[in-house]
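A closer look at the structure
Okay, here's what each chain looks like letter by letter:
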Amino acid sequence: MLRRLCWLLGLLGPLAGALAASPDRRPFNQNTKNPSLFNIGGVLSGNESAAHFEKIIAHLNFNNEYVQRGNTYRAEAIQMDQNPIRTALNVCKNLISKRVYAVIVSHPLIGDLSPAAVSYTSGFYHIPVIGISSRDSAFSDKNIHVSFLRTVPPYSHQADVWVELLNHYAFIKVIFIHSSDTDGRALLGRFQTASQSSEDDVEVRVNVELVIEFEPGLDSFADQLNELKGTQARVYLLYSGHEDAEVIFREAASKNMTEDGHVWILTEQALMAKNVPEGALALRLINATSEFDHIQDSIYVLASAIKEMNKTVNITEAPANCDDSATIWETGKTLFDYIRRQVLFKGATGKVAFDDNGDRMFAEYDIINVQEDQKQVSVGRYFFHRDLDRMSLRLNERKVVWPGRSRTKPKGYILPTHLKVLTIEEKPFVYVRELTNLDTPDCLPDEVRCPLFNTTNEHDPERMFCCKGYCIDLLLHLSSKINFTFNLALSPDGQFGSHIVRNNSIGGKKEWTGLIGEVVNDRADMIVAPLTINPERAEYIEFSKPFKYQGITILEKKPSRSSTLVSFLQPFSNTLWILVMVSVHVVALVLYLLDRFSPFGRFKLANSDGTEEDALNLSSAIWFAWGVLLNSGIGEGTPRSFSARVLGMVWAGFAMIIVASYTANLAAFLVLERPKTKLTGINDARLRNTMENLTCATVKGSAVDMYFRRQVELSNMYRSMEANNYDTAEQAIKDVKDRKLMAFIWDSSRLEFEAAQDCELVTAGELFGRSGYGIGLQKGSAWTDSITLHILDAHESGFMESLDNKWIFLGNTQHCEGDEKTPNTLGLKNMAGVFILVGAGIIGGVALIVIEMAYKKHQIRKQKRMELARHAADKWRGVIEKRKTLRATAERRKYGPNGVERLSVEGLQYLAAGGSGWPSPLSSPLRLRGHRNSSADEEVIDPESSVPY
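All of the points below concern the structure found in this document. (Residues numbered from 1 in each chain as written. Predicted model: local features only at pLDDT ≥ 70, side-chain atom pairs only at ≥ 80, totals over all residues. Heavy atoms only, no water.)

What follows is about the state of the cysteines. Where two cysteines share a covalent bond between their sulfur atoms, that bond is called a disulfide. Under the counting rule described, the total for this entry stands at three disulfides. Across the disulfide from Cys 92 sits Cys 322; the S-S distance is 2.2 Å. Around the S-S axis, the bridge from Cys 92 to Cys 322 shows a dihedral of about -100 degrees and counts as left-handed. Note that Cys 92 is positioned in helix α3 (residues 84-94) and Cys 322 in the loop between α9 (291-312) and α10 (330-340), a separation of 230 residues in sequence. On the basis of relative accessible area, Cys 322 is assigned to the partly exposed category, the value being 23%. (Disulfide = S-S within 2.5 Å. Helix = DSSP H or I, 4+ residues; strand = E, 2+ residues; numbered from the N terminus. Buried < 20%, exposed > 50% of the residue type's maximum accessible area, 1.4 Å probe, protein only.)

For the peptide bond that leads from Lys 427 to Pro 428, omega is 0 degrees, which places it in the cis range. Structurally, Pro 428 is set in the loop between β17 (418-423) and β18 (431-434). With a phi close to 65 degrees, Arg 739 is a non-glycine residue in the positive phi region.

Describing two packed helices takes the angle between their axes plus the distance from one axis to the other. Close contact between helix α5 (residues 158-169) and helix α6 (residues 182-197) brings their axes to 8 Å; oriented N to C, the two are set at 40 degrees. As judged from the angle between their axes, α5 and α6 are oblique. Every pair of crossing elements has a handedness; the one defined by α5 and α6 is right-handed. Side by side, α5 and α6 meet where Gln 158, Ala 159, Asp 160, Trp 162, Val 163 and Leu 166 of the first sit next to Leu 187, Arg 190, Phe 191, Ala 194 and Ser 195 of the second. Of the residues assigned to the contact of α5 with α6, the class counts are seven nonpolar, two polar and two charged. (Axes fitted to C-alpha atoms, helices over the stretch in contact; angles between N-to-C directions. Parallel < 35°, antiparallel > 145°, perpendicular 65-115°, else oblique. Left-handed = near helix turned anticlockwise from the far one by under 90°. Contact = heavy atoms within 4.5 Å. Nonpolar A, V, L, I, M, F, W, Y, C, P; charged D, E, K, R; others polar.)

Positive charge collects at one region of the surface, where Lys 857, Arg 861, Lys 862 and Arg 865 lie side by side. In this fold, Arg 861 is placed in helix α25 (residues 828-894). (Patch = residues over 30% accessible without salt bridge, like charges linked within 9 Å, V, L, I, M, F, W, Y side chains within 5 Å. Areas by Shrake-Rupley, 256 points an atom, 1.4 Å probe, with all protein chains shown as cover. Salt bridge = Lys/Arg side-chain N within 4 Å of Asp/Glu carboxyl O. Lys, Arg positive; Asp, Glu negative; His and termini not counted. Charge placed at Lys NZ, Arg CZ, Asp CG, Glu CD.)

With that out of the way, let us pick up the packing of aromatic side chains. In the structure shown here, the tally under the stated rule is 30 aromatic pairs. Between Tyr 236 and Trp 264 the ring centres are 4.7 Å apart and the planes differ by 35 degrees, which places this aromatic pair in the tilted class. Here Tyr 236, found in strand β8 (residues 235-239), pairs with Trp 264, found in strand β9 (residues 263-266); they are 28 residues apart in sequence, far enough to count as distant. Grouped by ring-pair contacts, the aromatic residues Phe 38, Tyr 73, Tyr 101 and Trp 329 constitute a single cluster. Of note, Arg 341 hangs over the ring of Tyr 338, and the distance from its end group to the ring centre comes to 4.5 Å. The residue whose ring lies beneath Arg 394 is Phe 383, and the NZ or CZ to ring-centre distance is 4.7 Å. (Phe/Tyr/Trp six-rings, centres within 6.5 Å; stacked < 30°, edge-to-face > 60°. Lys NZ or Arg CZ within 6 Å of the ring centre and 35° of its normal.)

Let us now look at the environment of Phe 799. Relative to the elements of secondary structure, Phe 799 occurs in helix α23 (residues 799-809). Judged by relative accessible area, which is 22%, Phe 799 ranks as partly exposed. Taking the C-alpha atoms as reference points, Phe 799 and Leu 474, 325 residues apart in sequence, are found 9.0 Å from one another. Those residues in contact with Phe 799, other than ones at most four positions away along the chain, are Asp 473, Leu 474, His 477 and Ala 794.

Now for the pairing of strand β26 (residues 548-557). Every regular strand shows the same layout, with side chains that alternate between the two sheet faces. In terms of residue burial, β26 counts as a mostly covered element, since eight of its 10 residues are buried. The pairing of β26 with strand β30 (residues 743-747) spans four bridges and is antiparallel. Paired with Ile 552 across the strands is Asp 747, a residue of β30. (Pairing = 2+ DSSP bridges.)

Another aspect to go through is the pairing of strand β1 (residues 37-44). Of all eight residues that make up β1, eight are buried, and the element is covered over most of its length. Every second residue of β1 is oriented toward a common face, with Leu 37, Asn 39, Gly 41 and Val 43 on one face and Phe 38, Ile 40, Gly 42 and Leu 44 on the other, all of them buried. Where the polypeptide runs from β1 across helix α2 (residues 47-60) and back to strand β2 (residues 72-79), its parallel neighbour, the crossover connection is right-handed. Taken together, the five bridges between β1 and strand β3 (residues 100-105) define a ladder with parallel strand orientation. The residue bridging Ile 40 from the neighbouring strand is Ala 102, located in β3. (Right-handed = clockwise from strand over helix to strand, strands pointing away.)

The next subject is α10. Among all positions in α10, only Thr 331, Gly 332, Leu 335, Phe 336, Tyr 338 and Ile 339 are buried. Mapping the buried residues of α10 onto a view down its axis gives an arc of 165 degrees, with all of them on the same face. In this fold, the buried residues of α10 make contact with β3, β4 (129-131), β5 (148-150), α9 and β12 (350-354). (Arc of directions from axis to C-beta.)

Among all positions of α3, only Thr 87, Ala 88 and Val 91 are buried. The buried side chains of α3 occupy one side of the element, clustering within an arc of 100 degrees when seen end-on. Pointing more than 90 degrees away from the buried face of α3 are the exposed residues Ile 85, Leu 89 and Lys 93. Those residues of α3 that are buried are in contact with β1, β2 and α4 (114-124). The N-cap of α3, judged by a side-chain oxygen 2.9 Å from the amide nitrogen of Ile 85 a few residues on, is Asn 83. (Polar contact = N/O pair within 3.5 Å; in protein donor to acceptor, adjacent residues only side chain to side chain.)

Here you go:
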């Protein structure tokens, strides 16, 4: 009954189409602006496909889910011609002239260019073309095939399945072999993109160690296979035609590259070779040959797009001929976009959807394993998982046979026995010593030779260095445990490496420099150095698990103590010292006043020796106040009144408290005082504030530098410190010691080592930006797991702890910690101020005694002068008195009893000589010196003197 119904519908389909084509019976859409008849063209491989195409469209007209009421679809099918020119002409003559809205194209039985001719011809007018068998990657180029979509994936999409296989089997290093054509290059590009974005975990990303590209039409592949001798990977991804694949497999078998330990993963084309190695894995597209199913899915996707488009878009009729080259059908562009957005969840070929290029997504593949006698066995499937809503890989690993008929999965790589190892000078991890005697260079037993990397000069003797340290011991330990040999070399520029733009032109290529650049460019195998693990580096190189955990900290020099000359004043603040000084004199003044005005303290008191002692005066009161404060004996000048003595006792208690407090604080300041750091850590406001005059720096291009670049909240701080950054940590640490740099930000391990070496250096604040030091390797290196396991074992066995004690701490940390815990011994620098105070007192006392002696001498000289003056005055007064007496006596004797003036002998002689003009006694003060005549009882007046003789 069902078969009869289908047969009846098949007969009614063409009849309905013919009726729709007649002018008088043409149906119309509810929206009269849009056409109701849609012609669908088909360029198919044979008559059976054309008949099936017409049958599907006839059934579609009765499916209300996909066809809007009032709309009708009509099939216009032609057969594919192997001649692309005739195919293009037939499209114009038999399809475009019928105003087809889309074309479904199959693949010719012979030839490859006819689908492209259909795409070019239809795409010129933007008529959508849906391919059902064309898988060439060239059809993905929308610049050429502007309106081409397909329900089959291009060959390049096999890369997605390859990545899933490699991740499932943990093959992380591969060799990619492909033919030099569009599909080969597209497959490589998609594989590289998918392998880098397939997982967030960088440790499982697939790395292409080597790419071998060859021209199709091979005669021999031996030279290309010889390039693989130095590679580690033993997983080969092959894309080629079956004829080239046969040549490759033949050459690989002759070199034993298809035996146990090797893995071959093939595309569908290479699987068609007659000599595929036993154990190879390959892909095969499911429903690749079911042309009927693809025709059905294409028609239903097209009908869904037209139905959705018909609701909102004004649809115009399709072009009617190929003569008008200037007309572009805008509706065709819109229809192409609508088709690309359609999703057919339950299509005959699975879930049908398209990407931005119009290529099929969610295509399903069988995983084929080539076993004995070229038997191709399906061992898994790559399918759309409806519950997870994504593609998923399912494998039956028990059915897989690997090369050499092994049931055990190969490692996929071979470990080289000799490695190129790079390091860099960074104490205490790597110490470098240059050999000066080049004739007989020889390193010490604990050292390893380490020349500069890639700097060998044929004309000049090579500079030779010897390296030792934490990392060198670790490298020797790993080499002995994992059994590899190595050549050690130093970084020629002394840099870990940074990601920089090599030139300033637009689009300049970014490259890694330093040690990381050598590993990224495959010029070195390993970096054994204090290499910080961070996201920027991990994107390009592999890291082992950390061999030492650390963070970032700040190194600075301990601040100097305050001036030792005034160290004894530190226990009290300046204000307290001033108050104490004022209190001494205020108390002295009050004591004096109390003792003076008290009726019991202002009288003289009798001493035991019979003398009397004065009551307290102001000078004695000051002396008493200072004596009590300084705890010195008071010999005199003590208060006498009860009120003053009460105050004296209170003052003594005050002095006791002050002295005790001073003594305790002095011990704390001078004996237990430890200088603190200037900074509190990375969050210190002085570091964040660019206005502060505080210089800080790190090393250019280092992991610390990258850390500051990432942290947005530290951007202001980084801008201020960027100009101060150093080329090496050695120079920065030296400047910190010389106080030229206030803060150096660097890895905590190195700075703790420096602080252990020099107790004047100190790390400030807590660690931030915590990370670890790891060993760097090439991306996908086969050594990563082995090195990681042995590093973890070294941690558990205590080997890493022994390296810490040997190279980082060196016993000096305990020494510095002992100094921190042991009180300081007071020395001259601590008590110099006290000695200077005593010296100042001595000098002041000597100066005062000199002044006192000078003053005393001055007083004595003044006293003598006063005595001389007093004696002279007394003598002068005596003389004056005598003169007065003599004058009075002379006046009485000058006149006789009769009142006549008496003349002296000289006067008589003068008169006898006939002199004249003798002065009158009344007019001249002249007095004659004379003497008394004993016989005449007269006084003779001496004219030279008024003193009688």
